[in-house]
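Residue-level structure breakdown
Residues per chain are reported as follows:
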Amino acid sequence: MMNIDPRLQRPLLLSLLCAALSGCGHPSETGTAPASAVVRKGAALSVPAASPLRQSLQLATVEEHDVARAIPVPAMVEADPAHLVRVVPPVSGRIGQLLKHLGDTVKAGDALFTMDSADVAAAYSDNGKAQAGLTLARHNLERQKELRAADISARKDLEQAESDYAQALSESERSKSRLAQLGTGSGNGRLYTLRSPLSGHVIELNGGQGGFWNDTNAPLMVVADLSTVWLSASVQEKDLAAVYAGQTADIELNAYPGEHIAGKVGYVSEVLDPDTRTVKVRVAVDNRNGRLKPGMFARVTFSAAPHRGVVVPASALVQNGTQTQVYVETAAWTFEARTVTTGIHGGDQVEIASGLKAGARIVAKEGVLLND
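As the structure is a computational prediction, the values presented were derived from the model and not from experiment. (Residues numbered from 1 in each chain as written. Predicted model: local features only at pLDDT ≥ 70, side-chain atom pairs only at ≥ 80, totals over all residues. Heavy atoms only, no water.)

**Section: the packing of aromatic side chains**
Applying the stated criterion across every chain, the model contains one aromatic pair. In this structure, Arg-291 is placed above the aromatic ring of Tyr-256, and the distance from its NZ or CZ to the ring centre is 3.9 Å. (Phe/Tyr/Trp six-rings, centres within 6.5 Å; stacked < 30°, edge-to-face > 60°. Lys NZ or Arg CZ within 6 Å of the ring centre and 35° of its normal.)

Here is the structure:
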């Protein structure tokens, strides 16, 4: 038997073991490499038949639709100024009776409250004095006319009588107008009754029965007809061209999330606010059910005139650095990144302003996998 140097035995055994295992540390000549998910050929990206991306990518055909730019702006519910009156007593005095209370329904001409007022008594007194003065001046004028006709009195006496009568008549008309302004007829007394000038509801009450009211500039009551209310919105200067009177508006109120109310633009202000660079736009809304309360916050969306545009799903857009791209199919399962410019965004659809035409096949979903 041949003797082997012990120093050579270990390397020899390792060499024989590797040979038995068909090569230690070397790839098998018969094995195959795993298939690539995407094959890049220049700008084209090809998805092989065995690629798992074929199960993930969703393709769609680009179409044209009518698109309109939506302009959402914050708004607030307001009472229609033409159907709201702040009831200010024209006289001071003590509140006698409150005939209508907060929330009560009133009709035009209904008595709201009474007041015990010295101003009313003074107005009656002035009217009585004016009527008595007018009667005296009339009698004196008639007497001077008779004396002048008989050539007994001087002409200047007749002229003075005519002047006195004219002044008395003017004072009589003034006192009558004062009573008419107060809404009282002929008579006397201190009681003053104020009536509602319109139909609606009492939405504000600032005085109590028995209280003294001496501010003739402050409203004691506010009566409003809220069957129609305004939504006041502030539209930015850049969006003003898309808003016009008669335009339909979609309204969402914070108080009723998920509900949409239709309104119509009734007024676009003629003046631009120089501080906020916005224009007030008022939308008329039917409120016969009484759900809209003045002071509520809302969101109003105006829609510009629609136009035809190329539209793709928002999921088709892939952001690559500063560029927005869409993967377009140039051949079966072969794609090319196309840089596009977006326009109007509406829900899950996006208008393509440039870079894509209708009829093209694109990756509608999971295009980011190609980008990776």
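Anyway, onward from the coordinates.
**Observations concerning the pattern of salt bridges**
Counted according to the given criterion, the structure contains twelve salt bridges. The partner of Arg-69 in a salt bridge is Asp-239, and the shortest N-O contact between them spans 2.9 Å. Placement of the pair is Arg-69 in the loop between β4 (63–67) and β5 (70–79) and Asp-239 in the loop between β14 (228–236) and β15 (248–253), with a sequence separation of 170 residues. Taking the relative accessible area as the measure of exposure, Arg-69 reaches 33% and is therefore partly exposed. The shortest N-O distance in the salt bridge between Glu-329 and Arg-361 comes to 3.6 Å. (Salt bridge = Lys/Arg side-chain N within 4 Å of Asp/Glu carboxyl O. Helix = DSSP H or I, 4+ residues; strand = E, 2+ residues; numbered from the N terminus. Buried < 20%, exposed > 50% of the residue type's maximum accessible area, 1.4 Å probe, protein only.)

**Regarding the pairing of β15**
The alternating pattern of β15 places Ala-249, Ile-251 and Leu-253 on a buried face, while none of Thr-248, Asp-250 and Glu-252, on the opposite face, is buried. Summarising the sheet, β15 and strand β16 (residues 261–273) pair through four bridges and their orientation is antiparallel. The residue of β16 that forms the bridge with Thr-248 is Lys-264. Relative to strand β18 (residues 297–303), β15 runs antiparallel, the two being bridged by five bridges. Of the residues in β18, the one forming a bridge with Asp-250 is Thr-301. (Pairing = 2+ DSSP bridges.)

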